Amino acid sequence: MSDLDLSQYGITDVTEIIYNPSYDQLFAEETRADLQGYEQGKLTKLGAVSVDTGIFTGRSPKDKYIVRDDTTRDTVWWSDQGKNDNKAITPEVWVDLKALVTQQLSGKRLFVVDTYCGANADSRLAVRFITEVAWQAHFVKNMFIRPTDAELETYQPDFIVMNGAKCTNTNWQQHGLNSENFVAFNLTERIQLIGGTWYGGEMKKGMFSMMNYFLPLQGIASMHCSANVGEAGDVAVFFGLSGTGKTTLSTDPKRQLIGDDEHGWDDDGVFNFEGGCYAKTINLSEENEPDIYQAIRKDALLENVTVLADGEIDFNDGSKTENTRVSYPIYHIDNIVTPVSKAGHAKKVIFLTADAFGVLPPVSKLTKEQAKYHFLSGFTAKLAGTERGITEPTPTFSSCFGAAFLSLHPTKYAEVLGKRMEASGAEAYLVNTGWNGTGKRISIKATRAIIDAILDGSIENAEFVQLPYFNLAMPSALNGVDDVSILDPRNTYANLTDWDVKAQDLAKRFVDNFVKFTDNDEGKALVAAGPQL
Ligand SMILES: Nc1ncnc2c1ncn2[C@@H]1O[C@H](COP(=O)(O)OP(=O)(O)OP(=O)(O)O)[C@@H](O)[C@H]1O
Ligand SMILES: O=C([O-])CC(=O)C(=O)O
Ligand SMILES: [Mn+2]
């Protein structure tokens, strides 16, 4: 593909194109001795290269924009129609941003990486990434689906991502934008532009937002969830906002991994959008997370971890960010679905919430109506690091457990998911991986035992008690949960009144938040499934 012509995108005078570099080429490029600053990668003792992502060590949702035009005007859930990050820009501002990025990339030596987003040929996006930074090319090669040689022969991109991380928009105030940094989408041209931020997650979550636009309009659920499948073909999906445990809990040696973060659900079943995983590494240990630890080897790419002079990694050091990460191709995990990351219809739907208030039980079984209510509410906490400016657990209602990535109104996702769950007879559970009355986070060991009990069905044999205000059905005992008293959060408080005060406060927050969904009959009907004061 050396004859690839980037002038069709406005990028001219390119000195060289490194097209679909191999891992060995990427290694050589990102560790070149003449690279400066954030471009320079370091080889670590584990064999993976480590980079610093720059000023941005997480996504920057306030710098996200979508062109409002005939394509998007009546489909996108705009920020002036509810609290969300889909800020509109005009086609005129887009032209200026595109000129900045194409100018930045013109006259350069560029990496072009052709990928797919989505494992199913009939709904995938062929996404072409253009960047001048070698490790950014490495990141997208890890995270997206790598086409086969045969696929590359007929490859035609559906979407272009032009990463101009090194340029900023000095005219941002005249443009009425948030800052000199920008992450902008044009659904008519099918292009994403990036300026100012080097963070790779903008490309990953950018294309997720695009899948979230295109798929529900075709009746396919598009979900911020991880997914795995048991020996009997039983598929489970784990929804959750960043840091709530999607990657940790879906990486389960007893089950084949489908994917750790973004999935679709169509007439055939659940399928991955990605070709890799993006795991948090803060406080990572070989003992607690053996599968993720061993995935950190040659071809994996570490971000913002502390590397000592001898190449040793200090995973406990969060001084650059709490959001230290590693990306790796999915085949770095042993037990995965192959050759295509897809399986059948989900029978278990798990909503992971990290409750920073310590009010919700570690697990409860949801009724159909409660599942809809909690999916729309998306109560959880934003954990430190993944978004700019978030430094401690901050309670939030993030619709569909991924509001930052929703391009359409939340009810659209609820409607499609509801239909898929109905058709497969899926059961739903709310799992709190956050805090309880002890002031500590519920242990991973307890959460893993809870997940096991959900997935092997043994939870169904438990006796259930109802939690006041929330009317959540909590099991009184589960196999593998040594201290069953934690299953009722009230037991973790020295003083029951303390739970009660917090519970009433949280119940009220749910009620207040849900008002925005009650402008139609369906929404009104769901209120009864939510917390009651
Ligand atoms: N009870 C628990 N269950 C799950 N994870 C826990 C628990 N307690 C602490 N943790 C920690 O919380 C973090 C969960 O992060 P994980 O990467 O699994 O989240 P994620 O949902 O995949 O986030 P992202 O969308 O950002 O990738 C890990 O660092 C894990 O060690
Ligand atoms: O993409 C990821 O895995 C991290 C994430 O959820 C986010 O950026 O919020
Ligand atoms: Mn994850």
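Here's a quick rundown of the structure. Per-chain numbering applies: the sequence of each chain, read as written, is numbered from 1 onward. To read the labels, note that chains go from A and ligands from 1, taken in the order they are written. Per-residue local features of the predicted model are confined to residues with pLDDT of at least 70, and side-chain atom pairs are confined, for both listing and counting, to 80 or more; whole-chain, interface and lining totals are unaffected and use all residues. As a rule here, side-chain values cover all heavy atoms of the structure and leave hydrogens and water aside.

## Thoughts on unusual backbone geometry
Leaving glycine out, the prevailing phi sign among residues is negative, and the prevailing peptide bond configuration is trans. In the segment running from Thr338 into Pro339, the intervening peptide bond is cis, with an omega of -10°. With respect to the secondary-structure elements, Pro339 resides in the loop between β21 (325-329) and β22 (346-353). Here a strand is any run of E in DSSP of at least two residues, a helix any run of H or I of at least four, and the numbering for each starts at the N terminus.

## Observations regarding the nonpolar core
Here, nonpolar core means buried Ala, Val, Leu, Ile, Met, Phe, Trp, Tyr and Cys residues that are tied together by side-chain atoms lying within 4.5 Å of each other. Each residue gets one of three labels from its accessible area relative to the maximum for its type: buried under 20%, exposed over 50%, partly exposed in between, using a 1.4 Å probe on protein chains only. Ile130, Met162, Met207, Phe239 and Phe470 are the most contacted members of the largest nonpolar core, which totals 129 residues. The greatest single-element share of this core, amounting to seven residues, is contributed by helix α6 (residues 201-214). With residues near it in sequence (within four places) discarded, Met207 still touches Cys117, Val127, Phe129, Phe144, Phe159, Val161, Phe185 and Gln192. Contacts were defined at the residue level, with two residues in contact if any of their heavy atoms lie within 4.5 Å.

## Description of the site of ligand 1
Neighbouring ligand 1 are 18 residues; Ser242, Gly243, Lys246, Thr248 and Arg325 lie closest to it. As used in this structure description, the phrase polar contact means that two N or O atoms lie within 3.5 Å; if the pair is within protein, one of them must be able to donate a hydrogen and the other to accept it, and residues adjacent in sequence are counted only when both atoms belong to side chains. One nitrogen or oxygen atom from the main chain of Thr244 is found 3.5 Å from an oxygen atom belonging to ligand 1. Asp261 has a polar side-chain atom sitting 3.3 Å from an oxygen atom of ligand 1. Among the elements of the structure, α7 (246-250), β17 (276-280) and α11 (444-455) are those that each provide at least two residues to the shell around ligand 1. It is α7 that provides the largest number of residues to the shell around ligand 1, a total of three residues. By convention in these notes, a residue is near a molecule or strand provided one of its non-hydrogen atoms lies within 4 Å of it.

## Topic: helix α9 (residues 368-377)
Among the ten residues in α9, seven count as buried, and that is most of the element. Those residues of α9 not exposed but buried are Gln370, Ala371, Tyr373, His374, Phe375, Leu376 and Ser377. Where α9 terminates, the next one or two residues include Gly378, which has phi positive at roughly 60°.

## As for the pairing of strand β10 (residues 191-195)
A large share of β10 lies buried, amounting to five of its five residues. Residues Ile191, Leu193 and Gly195 point to one face of β10 and Gln192 and Ile194 to the other, with burial holding for every one of them. Bridging between strand β8 (residues 159-164) and β10 involves five bridges; their strand directions are parallel. When the sheet's bridge partners are listed, Asn163 is paired in β10 with Ile194. Note on pairing: two strands pair once DSSP finds at least 2 bridges between them. One ladder, built from five bridges, connects strand β9 (residues 182-186) with β10; its direction is antiparallel. Its bridge partner lying in β10, Val183 is registered against Ile194.

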